[in-house]
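One-letter residues, chain by chain:
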Amino acid sequence: MPQQSLESTAAPDKPLDAPSTRDTDSVALEEVNSIYFAKGATRIDPAGQNKLRQHAARLKENPAQVVTLAGYTDDLGSDSYNLAISDQRIEAVAKLLRTYGVPKKQIHPLRRYSVGRGESMPDCRTKECRQLMRRVELIYGIR
């Protein structure tokens, strides 16, 4: 999965979560704002740690911004397992952001999702698709 820096995707006057006018922009935005996990893992890999350092710097420079952490899982495992691992991944991201100096009041680990189970969710049967589902997404807003 290609890594992108936060600096290369956002102009100073355009926040990372600004509505996109092109599909490729929204894919790139999702990539930059997502921390991916291995199957069954809750530990953040070095690439994820680097992304979170950049997000932490952004949040510390902009104290009016808040980030909501949305956890996603693949469709493997029971609903209760997926909810639990999603919560653990959200907490791992929140904890690392706090370690990097982001005030707790800027982090909202409130939104939890377990995707891949409901009729409205697309079928995801490949290893690549499931890897993209195992993530915590950082969604920016203003308080």
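Above this text you will find the structure in question.
Everything numeric here is computed off the predicted structure, so don't read it as measured data. (Residues numbered from 1 in each chain as written. Predicted model: local features only at pLDDT ≥ 70, side-chain atom pairs only at ≥ 80, totals over all residues. Heavy atoms only, no water.)

Observations regarding the overall build of the protein
Reasoning step 1: Along the protein, the regular secondary structure elements total 5 helices and 4 strands.
Reasoning step 2: Going from N to C terminus, the protein has its helices and strands arranged as α-α-β-α-β-α-β-α-β.
Reasoning step 3: In the protein, buried positions account for 36% of the 143 residues.
Reasoning step 4: Pairs at least 24 residues apart make up 76% of the contacts formed inside the protein by residues separated by at least 6 positions.
Reasoning step 5: Of the accessible surface of the protein, which amounts to about 8,300 Å², a share of 54% is contributed by carbon and sulfur atoms. (Helix = DSSP H or I, 4+ residues; strand = E, 2+ residues; numbered from the N terminus. Buried < 20%, exposed > 50% of the residue type's maximum accessible area, 1.4 Å probe, protein only. Contact = heavy atoms within 4.5 Å. Areas by Shrake-Rupley, 256 points an atom, 1.4 Å probe, with all protein chains shown as cover.)

Side note on the packing of aromatic side chains
Reasoning step 1: In this structure the tally under the stated criterion is 0 aromatic pairs.
Reasoning step 2: For the cation-ring pair, arginine 58 lies above tyrosine 140, with the distance from its terminal atom to the ring centre recorded as 3.5 Å. (Phe/Tyr/Trp six-rings, centres within 6.5 Å; stacked < 30°, edge-to-face > 60°. Lys NZ or Arg CZ within 6 Å of the ring centre and 35° of its normal.)

With respect to helix α4 (residues 79–99)
Reasoning step 1: An ideal rise of 1.5 Å per residue puts 30 Å on 21 residues; α4 measures up with 30 Å between its terminal C-alpha atoms.
Reasoning step 2: Asn82, Ile85, Ser86, Arg89, Ile90, Val93, Ala94, Leu96 and Leu97 are the residues of α4 that are buried.
Reasoning step 3: One or two residues past the end of α4 sits glycine 101, with phi positive at roughly 100°. (Expected span 1.5 Å × (residues − 1).)

Examining the pattern of salt bridges
When the charged atoms of two side chains with opposite charge come close together, those side chains can pair.
Reasoning step 1: One pass over the structure, following the stated rule, counts 4 salt bridges.
Reasoning step 2: Residue glutamate 31 pairs with lysine 51 through a salt bridge whose shortest N-O separation is 3.6 Å. Here the residue glutamate 31 occupies a position in helix α2 (residues 23–32), and lysine 51 occupies one in helix α3 (residues 46–61), the gap between them amounting to 20 residues.
Reasoning step 3: Accessibility expressed as a relative area gives 11% for glutamate 31, which makes it buried.
Reasoning step 4: Lysine 51 gets classed as buried once you look at its relative accessible area, which sits at 7%.
Reasoning step 5: The closest approach of N and O atoms between aspartate 75 and arginine 130, which form a salt bridge, is 2.7 Å. (Salt bridge = Lys/Arg side-chain N within 4 Å of Asp/Glu carboxyl O.)

Concerning the pairing of strand β2 (residues 65–72)
Reasoning step 1: Counted residue by residue, β2 has 8 buried out of 8 residues, so it is predominantly covered.
Reasoning step 2: Of the two faces of β2, the one carrying Gln65, Val67, Leu69 and Gly71 and the one carrying Val66, Thr68, Ala70 and Tyr72 are both buried.
Reasoning step 3: Pairing analysis gives 8 bridges linking β2 to strand β4 (residues 135–142), with the strands arranged antiparallel. Bridge pairing in β4 places glutamine 65 opposite isoleucine 142. (Pairing = 2+ DSSP bridges.)

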